[in-house]
Amino acid sequence: MALFSKDDRPLLAVDVDGVISLFGYERPTDDAPGEFHLVDGMLHCISMPTGPRLNRLAKTYQLVWASGWEDRANDYLPGILGVPSLPYLTFDGEARFGSAHWKLAALEAYSGERPLAWIDDSLDPSCYDWADARPAPTLLVPTDPGVGLEEGHVAALESWARTGYSPR
Ligand SMILES: [Mg+2]
């Protein structure tokens, strides 16, 4: 009998800028689609419904921060959104706002052969090529950076895991 079992839930890699912290929306500040919070001296517009949405997804997935925020995601987002502290990827100074390809090596190393969904506003063709080449089920979920993680994304992610990762 095994004394402990490995976490065999699928992984969900979660970007922050463009998924939780919104930008590029065309609305005045007093009608912004989120709450403004100061993060390391910069104002971020945080979409508050993403908190309960992430908590729902955490029942199906093991969540991991996949963001240039790295450990700072845990410094700020649990307090703002009511989500737990999460494991986080680090990028050795490679993080570049507005793109995502620099996340691939860290995602590859962290995810191994586990099924992986990845929600990000900056997915580019190199990310889709990488997903196609992964031996394990992989789902890329793009977001609009002015809207972020929506109800429809949650439903699609829950359905993907529930139906045995089909269609890819
Ligand atoms: Mg982003």
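Residues numbered from 1 in each chain as written. Predicted model: local features only at pLDDT ≥ 70, side-chain atom pairs only at ≥ 80, totals over all residues. Heavy atoms only, no water.

### Observations concerning the pattern of salt bridges
Taken as a whole, this structure holds seven salt bridges when the rule is applied. Arg27 is the salt-bridge partner of Asp31, the closest N and O atoms lying 3.5 Å from each other. One salt bridge in this structure joins Arg56 and Glu158, with 3.6 Å as the shortest N-O distance. Of the two residues, Arg56 is situated in helix 1 (residues 50–57) and Glu158 in helix 5 (residues 151–162); the sequence distance between them amounts to 102 residues. One connected set of salt bridges, linked through shared partners, spans Arg53, Arg56, Glu151 and Glu158. (Salt bridge = Lys/Arg side-chain N within 4 Å of Asp/Glu carboxyl O. Helix = DSSP H or I, 4+ residues; strand = E, 2+ residues; numbered from the N terminus.)

### What about the side chain of Ser122?
Here Ser122 is to be found in the loop between strand 6 (116–120) and helix 4 (125–133). Setting aside its immediate chain neighbours within four residues, Ser122 contacts Gly98, Ser99 and Ala100. (Contact = heavy atoms within 4.5 Å.)

### Side note on the coordination of the magnesium ion
Surrounding the magnesium ion are the protein donor atoms Asp15 (OD), Asp17 (O) and Asp121 (OD), at 2.0 to 2.2 Å. All donors of the magnesium ion come from a single chain, and their spacing in sequence reads D-x1-D-x103-D. With a gap of 106 residues between them, Asp15 in the loop between strand 1 (11–14) and strand 2 (21–22) and Asp121 in the loop between strand 6 and helix 4 connect regions that are remote in the sequence. (Donors = N, O, S within 2.8 Å, 3.2 Å for Na, K, Ca; no water.)

### Considerations on the nonpolar core
Side chains of a nonpolar character, in soluble globular proteins, are inclined to be buried together. Within the largest apolar cluster, 28 residues are counted, with the highest numbers of intra-cluster contacts made by Leu12, Val14, Ile20, Tyr61, Trp65 and Leu77. With near-sequence residues (within four places) excluded, Trp65 lies in contact with Val14, Val16, Ile20, Leu54, Ala73, Asn74, Leu77, Val83, Leu86, Pro87, Tyr88 and Leu89. One finds Leu104, Ala106, Leu116 and Leu123 within the second-largest nonpolar core, a separate group that totals 18 residues. (Core = buried A, V, L, I, M, F, W, Y, C linked by side-chain atoms within 4.5 Å. Buried < 20%, exposed > 50% of the residue type's maximum accessible area, 1.4 Å probe, protein only.)

### Regarding helix 4
An α-helix turns once per 3.6 residues; consequently, residues spaced three or four apart project the same way. For helix 4, every residue scored as buried is listed here: Cys127, Trp130 and Ala131. For helix 4, the arc enclosing every buried residue in end-on projection is 100 degrees, short of the 170-degree limit, so these residues lie on one face. The outward face of helix 4, more than 90 degrees from its buried face, is lined by the exposed residues Pro125, Asp129, Asp132 and Ala133. Lining the buried residues of helix 4 we find helix 3 (104–111), strand 6 and strand 7 (138–142). (Arc of directions from axis to C-beta.)

### Here we look at the sheet that holds strand 2
Taking strand neighbours across the sheet as the criterion, the three strands line up as 2-4-3 in an open arrangement whose pairing is antiparallel. Of all strands in the sheet, those with a lone pairing partner are strand 2 and strand 3 (35–39), marking the two edges. Note: strand 3 against strand 4 (residues 42–46), five bridges, orientation antiparallel. Looking at the pairing, His37 lines up with His44 of strand 4. (Pairing = 2+ DSSP bridges.)

### Details of helix 5
Spanning twelve residues, helix 5 covers 17 Å between terminal C-alpha atoms, matching the ideal 16 Å at 1.5 Å per step. Of the residues making up helix 5, those classed as buried are His153, Val154, Leu157, Trp160 and Ala161. The buried residues of helix 5 occupy an angular sector of 130 degrees when projected down its axis, which confines them to one face. Opposite the buried face of helix 5, at more than 90 degrees from it, the exposed residues are Gly152 and Arg162. On its buried side, helix 5 packs onto strand 1, helix 1, strand 6 and strand 7. Following helix 5 by one or two positions, Gly164 has its phi on the positive side, about 70 degrees. (Expected span 1.5 Å × (residues − 1).)

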